[in-house]
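# Chains, contacts and geometry: an overview
Each chain is listed here by its residues.
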Amino acid sequence: MGFSYQNHILHAESVPITDLMDAYESPLYVYSRTDIEHNWRELDQAFGTHSHLVCYAVKANSNLAVLNVLSKIGSGFDVVSIGELERVLFAGVDASRCVFSGVAKTNTEIKRALEVGIFCFNVESMAEMNRIEQVAKDMNAQAPISLRVNPNVDAKTHPYISTGLKENKFGVDMDEAVTIYKMAHDSPYLIVKGLDCHIGSQLIEVSPFLDALDKILKLVDKLDKINIHITHLDLGGGVGIKYDNEQTIDINAYIDSILDKVGDLKIILEPGRAVVGNAGVFITKVEFLKQNSDKSFAIIDGAMNDLLRPAFYQAYHQVLPVNENSKGIDAHWDLVGPICEAGDFLAKNRKLSLSEGDYLALMSAGAYGFTMSSNYNSRPRVAEVMVSGNQHTLVRERETIQDLFNKEHMIND
Ligand code: LLP
């Protein structure tokens, strides 16, 4: 697949990562187009002839090239801000293939989404529904809506990425949903289309998805009885990927078990990580090795501002040497970055043989890698490259020092 050793050098498809280092330098995000397409198609094809739309969750990786590649193979998109919406439109996507999620859509966002003809808003509260209704009224338009319900199931994932419990800020309680649907149904400015839920991210078991589905299907029945007919179910994203050696979800079994329950209802999914997570790596260089009586630190040129997941979620990313045969100092290394924070690490306690100047790959970094990066410590954001076969394309230039402050102004007195 996308990343493998050939002649002991890690390759992205057919391109040696060492060639990419020569061309673009370190640190660098590298994506495999073949893997992105394969992962999306696997989800898409699992539905067979059942009516569906796989809406890639843009937040996972919003690079225009990623959006464009997915658009070309028929993907829909899940956006959560006007920035994501404009990116998707710029990448050549028709708005009728987009759902708009997120807890706090602004007037400007709603207006723009209506102007371009979004497929559906996923509405997260009564207050937000009222706002959407008002904007639609002002435009003399009708807004297509789904209500995001909170089925109160435990996704059994990291608390920061678990969203389906009552204690979370997302969605509305199941009990409240009927009242809100009735209001939407009665409004001349809203069209009830679907029912939405998203219970969390990096789920590695199917059962929480099915528990949530059972609950929302009961709600569909209830609504049917009062003549409110739902035409699609949006089951959100959340399918986990292998970062280490965890058991993951079998895509075909997952979709089959959904289709067993939903009759003819159109199904929308919003996968992010499952499409791009394992289709990307983050490459970094060992700057210095520093050992004391307790610890071995490899100080690298990448940092928490480039790949936040380890610092923020204690997330694990596998670390592979770009040159499998490189021999250096054998130890259990902590990979730490140049940022002035004790939490600035990308990996801990990894058995590696390292020398200064070695390149390392942090695997599974295609999702929530670059999109969560920042300029903390005034570090320019890194470049991104997409590989396809033996071709590589720079899909985002490395930021320059000038880029860091060219929107800032001094006080002139
Ligand atoms: N739909 C909604 C409404 C979401 O909130 C999310 C993710 C997705 C879809 C896509 O979920 P996925 O298929 O990627 O699991 N930064 C965290 C993940 C945050 C996920 C936020 N919502 C991480 O790095 O693990």
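For clarity, every value in this text was computed on a predicted model and none was experimentally measured. Just so you know, the residues in each chain are numbered from 1, in the order the chain's sequence is written. This being a predicted model, a pLDDT of at least 70 is required before a residue's local features are given, and a value of 80 or more before pairs of side-chain atoms are given or counted; all residues contribute to the totals for chains, interfaces and linings. Water and hydrogen atoms were dropped before computing side-chain values, which therefore reflect all heavy atoms in the structure.

For the rest of this paragraph, the subject is empty space enclosed by the protein. Of the grid points, spaced at 1 Å and generated over the protein atoms alone, those admitting a 1.4 Å probe that cannot get out make up cavities, while open sets with protein on both sides within 12 Å along at least five of seven lines make up pockets; any residue with an atom within 4 Å of a point is treated as lining. Grid points are joined across faces, edges and corners, and a volume is the space filled by probe spheres set on the points. Applying the stated rule across the entire model yields one cavity of 30 Å³ or more. Roughly 50 Å³ of volume is contained in the largest cavity. Every residue along the wall of the largest cavity is listed here: Cys 197, Ile 199, Phe 209, Ala 212, Leu 213, Leu 235, Tyr 254 and Ile 258. Those elements that place two or more of their residues in the lining of the largest cavity are α8 (207-225) and α9 (251-259). With three residues, α8 is the largest single contributor of residues to the lining of the largest cavity. A breakdown of the residues in the lining of the largest cavity according to their chemical character gives eight nonpolar, no polar and no charged. Labels follow the DSSP assignment, with helices taken as runs of H or I lasting at least four residues and strands as runs of E lasting at least two, numbered in each case from the N terminus. Ten residue types, Ala, Val, Leu, Ile, Met, Phe, Trp, Tyr, Cys and Pro, are classed as nonpolar, four, Asp, Glu, Lys and Arg, as charged, and the remainder, Gly among them, as polar.

Here we take up the site of the ligand. Throughout, the term near means that a residue has one or more heavy atoms lying within 4 Å of the molecule or strand in question. The full set close to the ligand counts 18 residues, and Ser 201, Glu 270, Arg 309, Tyr 313 and Tyr 368 are the nearest of them. For the purposes of these results, a polar contact is taken to be a pair of N or O atoms within 3.5 Å, where, inside protein, one atom must be able to donate a hydrogen and its partner to accept one; residues adjacent in sequence count only when each atom of the pair is a side-chain atom. Asp 78 places a side-chain nitrogen or oxygen 3.4 Å from a nitrogen atom of the ligand. A distance of 2.6 Å separates an oxygen atom of the ligand from a polar atom in the side chain of Arg 309. Surface accessibility follows the Shrake-Rupley procedure with a 1.4 Å probe radius. Residue values consider only the protein chains on display as shielding. Taking 590 Å² as the accessible area of the ligand by itself, protein coverage stands at 91%. A molecule is said to be in a cavity or pocket once over half of its atoms fall within 2 Å of that pocket's grid points. The pocket occupied by the ligand, as judged from atoms lying within 2 Å of grid points, is the largest pocket. Residues lining the shell around the ligand come from more than one domain, with at least three contributed by each of domain 1 (3-31 + 277-405) and domain 2 (33-273). Each domain span listed reflects an automatic or database assignment of domains.

A few words on the domain arrangement of the protein. Interfaces are often sized by the amount of accessible area the parts lose when they come together. Structurally, the protein comprises domain 1 (3-31 + 277-405) and domain 2 (33-273). For domain 1 and domain 2, the distance between their C-alpha centres works out to 32 Å. At the boundary of domain 1 with domain 2, total buried surface from both sides reaches about 2000 Å², with 53% on carbon and sulfur atoms. Put simply, a salt bridge is a Lys or Arg side-chain nitrogen that is within 4 Å of an Asp or Glu carboxyl oxygen. The interface formed by domain 1 and domain 2 holds zero salt bridges in total. Summed over the shared surface of domain 1 and domain 2, the result is 12 residue pairs in polar contact (both at pLDDT 80 or more). Among the elements of the structure, α11 (309-313), β20 (383-388) and β21 (391-396) are those that each provide at least two residues to the side of domain 1 that touches domain 2. Here the residues of the side of domain 1 that touches domain 2 sort into 10 nonpolar, 10 polar and four charged. When two components associate, each loses some accessible surface as probed by a 1.4 Å sphere; the sum of these losses over both components is called the buried area.

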